[in-house]
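Take a look at the letters that make up each chain.
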Amino acid sequence: MSSIIWILPYALRKTKGMVIDMNRKDKENYYLDIAETVMLRSTCSRRRYGAIIVLNDEIIATGYNGAPRGRKNCLDRASCMRDELEIPQGERYELCRSVHAEANAIISAARRDMMGATLYLSGRDAKTGELLDDTTPCSMCRRLIINSGIEKTVCRVGDGKLVIIHTREWVFNDDSILDSSNFSLS
């Protein structure tokens, strides 16, 4: 008896007498799903992130948030300095042991390979596993993205939702400059 496999067009597959519509996933969600798989390597006990850099439909580099190579990570230490000090999300990153996912991906790629590329970023709460609805690179990672030559960043911000940010927005809307009316030396 010969084994013949019939391949139907991708839109229609027959399984146990049932025809199933198998529409292709759009590229943004395809790459964000891969970033989610990379995220499974994260060693942060607060938030888990995965990032991939893609150019011309090729993955150039991947990264997840975790302690620098050779150092103990928060999961192995069973403690997080920022949790112990009750530091809110988005503050005092200098106390964090982790290198961010975006930074790790950028470190792993050559700049010539990132010129015009797209960075895909997805994040989840480490305790609940829920998708984060506020996923976006921090100001330090934004600076790295600007200098790397990456053209845009796609962030998953909830189930079925994403945000596309063109790097030039971070160049022209510089979040590192204080408005002089909000700054006081007293």
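Structure first, text after, so check above.
The structure displayed is predicted, hence computed values, not measured ones. (Residues numbered from 1 in each chain as written. Predicted model: local features only at pLDDT ≥ 70, side-chain atom pairs only at ≥ 80, totals over all residues. Heavy atoms only, no water.)

Asks: In this structure, what is going on with the packing of aromatic side chains? I would like to understand it.
Replies: Two measures describe an aromatic ring pair: the distance that separates the ring centres and the angle between the ring planes. For the structure on display, the rule yields two aromatic pairs. Between Tyr 31 and Tyr 120 the ring centres are 5.1 Å apart and the planes differ by 40°, which places this aromatic pair in the tilted class. One end of the pair, Tyr 31, is in helix α1 (residues 27-39); the other, Tyr 120, is in strand β5 (residues 118-125), with 89 residues separating them in the sequence. You can call Tyr 31 buried: its relative accessible area is 5%. Residue Tyr 120 is classed as buried on the basis of its relative accessible area, which comes to 6%. (Phe/Tyr/Trp six-rings, centres within 6.5 Å; stacked < 30°, edge-to-face > 60°. Helix = DSSP H or I, 4+ residues; strand = E, 2+ residues; numbered from the N terminus. Buried < 20%, exposed > 50% of the residue type's maximum accessible area, 1.4 Å probe, protein only.)

Asks: In this structure, what is going on with the sheet that holds strand β4 (residues 58-64)? I would like to understand it.
Replies: Adjacent strands of a sheet form backbone hydrogen bonds with each other and so pair up, either parallel or antiparallel. Taken together, five strands build an open sheet; the order of strands is β4-β3-β5-β6-β7 and the sheet is mixed. Unpaired on one side and paired on the other, β4 and β7 (162-166) mark the two borders of the sheet. Averaged over neighbouring strand pairs, the angle between their axes works out to 20° when direction is ignored. Bridge count between strand β6 (residues 152-156) and β7: five bridges; the pairing is antiparallel. (Pairing = 2+ DSSP bridges. Axes fitted to C-alpha atoms, helices over the stretch in contact; angles between N-to-C directions.)

Asks: Can you walk me through empty space enclosed by the protein in this structure?
Replies: Evaluation of the coordinates by the stated rule reveals one cavity of 30 Å³ or more. Counted as a void, the largest cavity has a volume near 40 Å³. A class-by-class count of the residues in the lining of the largest cavity yields six nonpolar, one polar and two charged. (1 Å grid on protein atoms, 1.4 Å probe; cavity = no way out; pocket = protein on both sides within 12 Å on 5 of 7 lines; lining within 4 Å. Points joined across faces, edges and corners; volume = space filled by probe spheres on them. Nonpolar A, V, L, I, M, F, W, Y, C, P; charged D, E, K, R; others polar.)

Asks: What is the right way to read the pairing of strand β3 (residues 47-55) from this model?
Replies: On a regular strand, each side chain points to the face opposite its neighbour's, so the side chains alternate between the two faces of the sheet. In terms of burial, β3 is largely enclosed, as eight of its nine residues are buried. Where β3 and β5 come together, eight bridges link them in antiparallel fashion. The partner of Arg 47 across the bridge, within β5, is Asp 125. In this structure, the hairpin formed by β3 and β4 is closed by a connection of two residues, where Asn 56 is found at a positive phi of approximately 50°.

Asks: Which parts of the structure should I look at to understand the side chain of Ser 98?
Replies: Mapped onto the elements of the fold, Ser 98 is located in the loop between α3 (81-84) and α4 (101-107). We classify Ser 98 as buried; its relative accessible area is 13%. Non-local contacts of Ser 98, meaning those with residues more than four positions away in its chain, are made with Cys 44, Asn 65, Gly 66 and Ala 67. (Contact = heavy atoms within 4.5 Å.)

Asks: Whenever I open this one, the nonpolar core confuses me. Can you help?
Replies: Grouped burial of nonpolar side chains is what soluble globular proteins tend to show. Counting residues in each nonpolar core, the largest one holds 20 residues, and the members touching the most others are Ile 53, Leu 119, Leu 121 and Ile 150. Element by element, the count of residues in this core is highest for β3, at four residues. (Core = buried A, V, L, I, M, F, W, Y, C linked by side-chain atoms within 4.5 Å.)

Asks: Sorry if this is basic, but what is going on with α1 here?
Replies: What sets the pattern is the α-helix's 3.6 residues per turn: residues three or four places apart point alike. Taking 1.5 Å of rise per residue, 13 residues should cover 18 Å, and α1 covers 18 Å from first to last C-alpha, within 8% of that figure. The set of residues buried in α1 consists of Asn 29, Tyr 31, Leu 32, Ala 35, Glu 36, Val 38 and Met 39. Down the axis of α1, the buried side of the element spans an arc of 165°, and every buried residue falls inside it. Measuring from the backbone nitrogen of Glu 28 back to the side-chain oxygen at the start of α1 gives 3.3 Å, which picks out Asp 26 as the cap. (Expected span 1.5 Å × (residues − 1). Arc of directions from axis to C-beta. Polar contact = N/O pair within 3.5 Å; in protein donor to acceptor, adjacent residues only side chain to side chain.)

Asks: Just to check I follow, could you spell out the side chain of Asn 29 for this structure?
Replies: Within the element layout of this structure, Asn 29 appears in helix α1. The exposure class assigned to Asn 29 is buried, which follows from its relative accessible area of 17%. At 2.9 Å, the side chain of Asn 29 and the side chain of Arg 156 are in polar contact. Apart from residues lying up to four places away in sequence, Asn 29 is in contact with Arg 156 and Leu 162.

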